[in-house]
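Residues per chain, in single letters:
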Amino acid sequence: MKLNERGLLVIISGPSGVGKGTIRKALFEIPDNNFCYSVSMTTRKPREGEIDGQDYFFVSREEFERRIKINGFLEYAEFVGEYYGTPLDYIDRKMSEGKEVIVEIEVQGAQQVQERLPEAVFIFIVPPSRKALIERLIHRGTDSQEKIDKRIAKAESEYPIAYKYDYIVVNDEVHNAADRIYAIIRAEHAKTERSIHKYYKLMEGKE
Ligand code: 5GP
């Protein structure tokens, strides 16, 4: 039995190329999970195999900027020349239904969420080594050399921000990393500040 019935907002962040997307997919393969993925919106073009509405909502810059104006994002950021954002509608509804909402975003966006919703769980994914990260960015094979260089420079500027997060998870092996995140989510539900309200009600015989 879980005392905290509201789902958690779980922010998976970290430098580009660290494997956030792969870990997120592995998380959803864990049997009997209660996760729901917040599909982001972006102005970047789809990569081969990416599906609109599943990997991202792919929109034009005009459409993205229209949504910024109407306050339609929990957070958004411009990352190497393209917009990325987390649509607000949906997240709160899913958490009320008891779902753990998994958001996978880069570090500027995570900082905005920290300011707006500090009760979210912030997880920073790190590579097993600097070399491993650079090799991943080079060998991903989907971006131009210019984009790769920009992503490497960005990753190098972002790694010190880890101290602002609640947890640091090393992506040494994708299923290990996903298991660690699963363990974090379970432990977070048992935190006193999330559970005590319901516990007192139970002990007072009010529920
Ligand atoms: P990619 O182009 O490789 O799919 O994503 C580039 C970066 O944007 C990644 O670090 C990814 O985690 C991040 N990202 C994806 N969706 C969002 C979002 O909704 N908001 C923010 N701030 N970053 C995002």
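The structure reproduced in this document is the subject of the present report. (Residues numbered from 1 in each chain as written. Predicted model: local features only at pLDDT ≥ 70, side-chain atom pairs only at ≥ 80, totals over all residues. Heavy atoms only, no water.)

1. Looking at the pairing of strand β1 (residues 9-13)
So, point 1. With respect to burial, β1 is a largely interior element, 5 of its 5 residues being buried.
So, point 2. Strand direction decides the pairing type here: β1 and strand β7 (residues 100-104), joined by 4 bridges, are parallel. The residue of β7 that forms the bridge with Leu9 is Val101.
So, point 3. Direction of pairing for β1 relative to strand β8 (residues 121-126): parallel, over a ladder of 4 bridges. Note on β8: the bridge partner recorded for Ile12 is Ile123. (Buried < 20%, exposed > 50% of the residue type's maximum accessible area, 1.4 Å probe, protein only. Helix = DSSP H or I, 4+ residues; strand = E, 2+ residues; numbered from the N terminus. Pairing = 2+ DSSP bridges.)

2. Side note on the sheet that holds β8
So, point 1. In spatial order, the strands read β2-β7-β1-β8-β9; together these 5 strands make up an open sheet with parallel pairing. Of all strands in the sheet, those bounded by a partner on one side alone are β2 (35-37) and β9 (167-170). Averaged over all neighbouring strand pairs, the angle between strand axes comes to 30°, with direction disregarded.
So, point 2. Of the strands in this sheet, β1 and β8 touch helix α4 (residues 107-116), which is tilted by about 150° from β1. (Axes fitted to C-alpha atoms, helices over the stretch in contact; angles between N-to-C directions. Contact = heavy atoms within 4.5 Å.)

3. Some details on the side chain of Ser38
So, point 1. Here Ser38 lies in the loop between β2 and β3 (40-42).
So, point 2. In this structure Ser38 comes out as buried when scored by relative accessible area, which is 2%.
So, point 3. When residues no more than four places from it in sequence are discounted, the contact partners of Ser38 are Thr86, Tyr90, Ile91, Val101, Ile102 and Val103.

4. Digging into the nonpolar core
In a soluble, globular protein the nonpolar side chains are often hidden away together inside.
So, point 1. Residues Leu27, Ile123, Ile125 and Ile181 are the most contacted members of the largest nonpolar core, which totals 24 residues.
So, point 2. Elements that contribute at least two residues to this core include exactly β1, α1 (20-28), β8, α5 (130-139), α6 (145-158) and α7 (174-189).
So, point 3. Considering each element in turn, this core owes the most residues, 5 residues, to α7.
So, point 4. Once residues within four sequence positions are removed from consideration, Ile125 is found in contact with Ile12, Ser13, Gly14, Pro15, Val18, Lys20, Ile23, Val169, Asn171 and Ile181.
So, point 5. Counting 19 residues, the second largest nonpolar core, distinct from the first, contains Val101, Val103, Ile105 and Val126. (Core = buried A, V, L, I, M, F, W, Y, C linked by side-chain atoms within 4.5 Å.)

5. Digging into the site of the ligand
So, point 1. The ligand sits among 17 residues. The nearest are Ser40, Arg44, Tyr56, Tyr84 and Glu106.
So, point 2. Take Tyr84: an N or O atom from its side chain is 2.5 Å from an oxygen atom of the ligand.
So, point 3. Between the ligand and Glu104 there is a distance of 3.4 Å, counted from an oxygen atom to a side-chain nitrogen or oxygen.
So, point 4. In the complex, 96% of the free accessible area of the ligand, which totals 510 Å², lies under the protein chains. (Near = heavy atom within 4 Å. Polar contact = N/O pair within 3.5 Å; in protein donor to acceptor, adjacent residues only side chain to side chain. Areas by Shrake-Rupley, 256 points an atom, 1.4 Å probe, with all protein chains shown as cover.)

6. Some words on the packing of aromatic side chains
So, point 1. In the structure shown here, the tally under the stated rule is 13 aromatic pairs.
So, point 2. When the ring of Phe73 is compared with that of Tyr76, the centres are 6.1 Å apart and the planes differ by 50°; the resulting orientation is tilted.
So, point 3. Between Tyr199 and Tyr200, the aromatic rings sit 5.6 Å apart at their centres with planes inclined by 40°, giving tilted as the arrangement.
So, point 4. Grouped by ring-pair contacts, the aromatic residues Phe28, Phe35, Tyr37 and Tyr182 constitute a single cluster. (Phe/Tyr/Trp six-rings, centres within 6.5 Å; stacked < 30°, edge-to-face > 60°.)

7. Some remarks on unusual backbone geometry
So, point 1. The backbone of Asn71 shows a phi angle near 65°, a positive value even though the residue is not glycine.
So, point 2. Here the phi dihedral of Val80 falls at roughly 35°; this positive angle occurs in a residue that is not glycine.
So, point 3. Given the relative accessible area of 14%, Val80 is considered buried.

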